[in-house]
Amino acid sequence: MTSPTPDAPGAPDVLAELRSLQRADLPVQGGRTLAYVYDSGLAEVDRVGREAVAAYAGSNGLDPTAFPSLLRMENDLVAFAARLLDAPATVVGSVTSGGTESVLLAVQAARDARPDVARPSMVLPATAHAAFHKAAHYFGVEARLVPVGPDHRADVAATEAAIDESTVLVVASAPSYAHGVVDPVTGLAALAAARGIRCHVDACIGGWVLPYAARLGRDVPAWTFAVEGVTSISVDLHKYAYAPKGTSLLLHRTPALRRPQLFASAAWPGYTMLNPTMQSTRSGGPTAGAWAVVRTLGDAGYERLTADVLEAVDRIVAGVADIDGLRLVVEPDSTLVALATDGTCDAFTVSDEMVARGWYVQPQMSYAAQPPTIHLSVSAATLAGIDDLLVALRESVAAAVAAGPVAVDAGVADYIRSLDPAALTDEEFDGLLAASGLVGEGADGALALPARMAEVNAMLDLASPAMREALLVTFLDRLSRPTTG
């Protein structure tokens, strides 16, 4: 029996099926999804990126001599970024799959550059991206967390106190994801340089905006390679370079600093493996998509998009000041806005109400003494709907105030506190599902989420960070099961 051809009677229309499946996803265009995706609002830019991805979907970045066009595109992207980031002529860089891979490689290179340190550590502000904790877990590098100041920026003096002979890396954010502010990179880098330690600036989310913000006359703290002591910078292309998903850059000040990142192995009978990043086979699609978008927009295009997104941020900041019950956590340095409620309502209900009005915003759990917040990653495309966004925010807060702060059943709260995150069993997890009544088995045997997430998020917010991790890992395990039928 032969497989049906696409034009054979009864052949499935898989593209129609994909479109049907996609209807349940968040929209990636229109500027109303304020997390996970970054939208330029320019249809032509999206088209160019998609077509470039398709053209190179079968190409493989594993061997640059086999696909020299990919090598050319990678070097072009690094060169463009180097100009943005005030890099010296010695700079080198690599294209990675995303910000997490860039961070992982920065930590791995710092560790492997110091084989004399038996138990390496890195010092990072408590607001540094969770990717650094993932790197610590993967590579056996202790993550030494330093509390931030009341302005949510890294504390230079506390960082200095945390550095010792085991420290191989100091970390700064430009900006931090949770609050959208730039750390004092000049002070942190000086500490690292004085001790011969690497300093990595995580600019994954701000690296393609802050340089243009400075050109537009905004007051941007120093953070680039122009700061002495900065040894590496990560910047994502699939965020504010508005490229298709799957591309980030990791730049090192010199080739010697990058050298420990490179991997080769001839210890087997096949081809000698040679990799600049964590991946071996790498689809050429994301690189080609990023290259095509960057070439299409250029400096002038990015400056216009940055002006749009910063105007949108300014209008959000001004609008929030007029909404009772809602406040700005800190004045943003870039495109990320964190909001908090005043206690008459809760961030989780406001987030649900925003979703009901067609705007996806990201709830963030409480941390230490900080309350839950509402996170907005603003895109250039958001500007066109900014009046609607502010109306939705005002209505959502009013609805949340009318409903009152979400509460977790006392029995469920006690049950959560009784669980041991280090030994959470499937039976205990099932008990929590049953006790909460918030999620349960769907008709096909898979876990089904409720339409509103406020009660689920409030329940998770009660849990300790370790318990929250254990619950979410178990939940992800349940979600990620083969479909039947």
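Shown above is the structure to which this text applies.
Residues numbered from 1 in each chain as written. Predicted model: local features only at pLDDT ≥ 70, side-chain atom pairs only at ≥ 80, totals over all residues. Heavy atoms only, no water.

A short note on the overall build of the chain
Rules: Numbering goes from the N terminus for both helices and strands, where a helix is a DSSP run of H or I of at least four residues and a strand is a run of E of at least two. As defined in this context, the radius of gyration uses C-alpha atoms, and a globule is described by 2.2 Å times the residue total to the power 0.38. Any two residues whose heavy atoms approach within 4.5 Å at even a single point are treated as in contact. Areas reported as accessible are Shrake-Rupley estimates using a 1.4 Å probe. Residue values count occlusion only from the protein chains shown. Asp and Glu count as negative and Lys and Arg as positive, but His and the ends of the chain are not part of the count. Just so you know, the charge point we use is NZ for Lys, CZ for Arg, CG for Asp and CD for Glu.
Each helix and strand counted, the chain has 16 helices and 15 strands in total. In terms of overall dimensions, the chain is globule-like: its C-alpha atoms have a radius of gyration of 24 Å, near the 23 Å expected for 485 residues. For the chain, the C-alpha atoms occupy an extent of roughly 70 × 60 × 50 Å along the three principal directions. Looking at the chain alone, contacts between residues at least 24 apart form 72% of all its contacts between residues at least 6 apart. Carbon and sulfur atoms make up 57% of the accessible area of the chain, which amounts to about 22,300 Å² in all. Taking the 34 positively charged and 55 negatively charged side chains of the chain as two groups, their mean positions are separated by 6 Å.

Concerning the packing of helix α11 (residues 347-356) against helix α12 (residues 386-403)
Let me state the cut-off plainly: To obtain an axis, a line is fitted to C-alpha atoms, over the contacting stretch when the element is a helix, and the angle between two such axes runs from 0 to 180 degrees between their N-to-C directions. Every angle not falling under 35 degrees, over 145, or within 65 to 115 is termed oblique; those three ranges are roughly parallel, roughly antiparallel and roughly perpendicular. Crossings are sorted by hand: turned counterclockwise from the far helix by less than a right angle, the near helix makes the crossing left-handed, and turned clockwise it makes it right-handed. Each residue gets one of three labels, nonpolar for Ala, Val, Leu, Ile, Met, Phe, Trp, Tyr, Cys and Pro, charged for Asp, Glu, Lys and Arg, and polar for the others, Gly among them.
Packing of α11 against α12 brings their axes to within 8 Å, and their N-to-C directions diverge by 130°. Of the possible angle classes, the one that applies to α11 and α12 is oblique. The two elements α11 and α12 cross, and the hand of that crossing is right-handed. Only Leu389, Ala392, Leu393, Ser396, Val397, Ala399 and Ala400 of α12 make contact with α11, whose side of the interface consists of Thr349, Val350, Glu353 and Met354. Its residues placed into classes, the contact of α11 with α12 shows 8 nonpolar, 2 polar and 1 charged.

What about unusual backbone geometry?
Following Ala174, the chain continues to Pro175 via a peptide bond in cis, the omega torsion being -5°. With respect to the element layout, Pro175 can be found in the loop between β4 (167-173) and α7 (185-194). At Asp86, a position not held by glycine, the phi torsion is positive, near 55°.

Here we look at the sheet that holds strand β5 (residues 198-202)
Selection rule: Any two strands between which DSSP finds at least two bridges are classified as paired.
Strand order in the open sheet formed by 7 strands is β1-β7-β6-β5-β4-β2-β3, and the pairing between neighbours is mixed. The open sheet has two edge strands, β1 (92-96) and β3 (142-146), and neither has a second partner. Direction aside, the axes of adjacent strands within the sheet are offset by 20° on average. Here β1 pairs with strand β7 (residues 248-252) via 5 bridges, running antiparallel. Its bridge partner being in β7, Gly93 is matched across the sheet by Leu251. The strands that helix α5 (residues 131-139) touches are β2 (121-125), β3, β4 and β5; relative to β2, the one it contacts most, it runs at about 165°.

Observations regarding the pairing of strand β13 (residues 373-377)
Using the following cut-off: Using a 1.4 Å probe on the protein chains alone, a residue whose accessible area is under 20% of its type maximum counts as buried, one over 50% counts as exposed, and one in between counts as partly exposed.
With 5 of its 5 residues buried, β13 lies for the most part within the structure. Burial of the side chains of β13 extends over both faces: Thr373, His375 and Ser377 are buried on one face and Ile374 and Leu376 on the other. Strand direction decides the pairing type here: strand β11 (residues 336-341) and β13, joined by 4 bridges, are antiparallel. Residue pairing across strands places Val337 opposite Leu376, the latter belonging to β13. Here 3 bridges tie strand β12 (residues 362-364) to β13, and the two strands are oriented antiparallel to one another. Looking at the pairing, Pro363 lines up with Ile374 of β13.

Some details on the sheet that holds strand β10 (residues 326-328)
Pairing is antiparallel across the open sheet formed by 4 strands, whose spatial order is β10-β11-β13-β12. Edge strands, defined here as strands with exactly one partner in the open sheet, are β10 and β12. Within the sheet, the average angular offset between the axes of one strand and its neighbour, ignoring direction, is 35°. Along the sheet, α11 makes contact with β11, β12 and β13, crossing β13 at roughly 40°.

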